[in-house]
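Working through the structure, step by step
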Amino acid sequence: QVQLVESGGGLVQAGGSLRLSCAASKGTFSGYVMAWFQQAPGKEREFVAAISRSGSSTYYADSVKGRFTISRDNAKNAMYLQMNSLKPEDTAVYYCAAGLVVFTTPYIDASGRYDYWGQGTQVTVSS
């Protein structure tokens, strides 16, 4: 079983940057596909980005492509989300997730495919 803890959220102005971190404990971190999801108030949880077990492949939602970068460090059992050019519509709680997922769509962008979740970290982008 993997335990996940997110950090790095906060309040930032539009156009600014934030870097989210997800620390994993227990389990074999490198054995999991990792992903970030976001959930805004009153909305469904939505896919943001995913990264393969080795870190060699990534996949992004169209809304964040070119602005966000997902990465992982298997030696440190950690995953990151660098968020640049932030927009007010990026405001949400961001969750990291781990799953024994085949790294291909439509599987990697489906929240139901992930087995373990963090508690979330709030990101607020002011206009």
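Residues numbered from 1 in each chain as written. Predicted model: local features only at pLDDT ≥ 70, side-chain atom pairs only at ≥ 80, totals over all residues. Heavy atoms only, no water.

**Examining the nonpolar core**
Judged by nonpolar contacts, the single largest core of 39 residues is most densely connected at M34, W36, M79, L81, M83, Y94 and Y114. For this core, the secondary-structure elements that each account for two or more residues are β3 (18-25), β4 (33-39), β5 (46-51), β7 (68-73), β8 (78-83), β9 (92-99) and β11 (121-126). Sequence-distant contacts of M83, defined by excluding residues within four places in its chain, comprise G16, S17, L18, L20, R67, F68, Y94 and V123. (Core = buried A, V, L, I, M, F, W, Y, C linked by side-chain atoms within 4.5 Å. Buried < 20%, exposed > 50% of the residue type's maximum accessible area, 1.4 Å probe, protein only. Helix = DSSP H or I, 4+ residues; strand = E, 2+ residues; numbered from the N terminus. Contact = heavy atoms within 4.5 Å.)

**Looking at the state of the cysteines**
Tallied over the full model, the rule gives 1 disulfide. Between the sulfur of C22 and that of C96 lies a disulfide, 2.2 Å long from S to S. A torsion of 60° about the S-S bond marks the disulfide between C22 and C96 as right-handed. With a gap of 74 residues between them, C22 in strand β3 and C96 in strand β9 connect regions that are remote in the sequence. (Disulfide = S-S within 2.5 Å.)

**Notes on the pattern of salt bridges**
For the structure on display, the rule yields 3 salt bridges. With a closest N to O distance of 3.9 Å, E46 and K43 form a salt bridge. Owing to a relative accessible area of 46%, K43 belongs among the partly exposed residues under this scheme. In this structure, the salt-bridge partner of D90 is R67, at a minimum N-O distance of 2.8 Å. Placement of D90 in the loop between β8 and β9 and of R67 in the loop between β6 (58-60) and β7 is noted, with a sequence separation of 23 residues between them. Take D90 and R67: they sit in the same class, and that class is buried. (Salt bridge = Lys/Arg side-chain N within 4 Å of Asp/Glu carboxyl O.)

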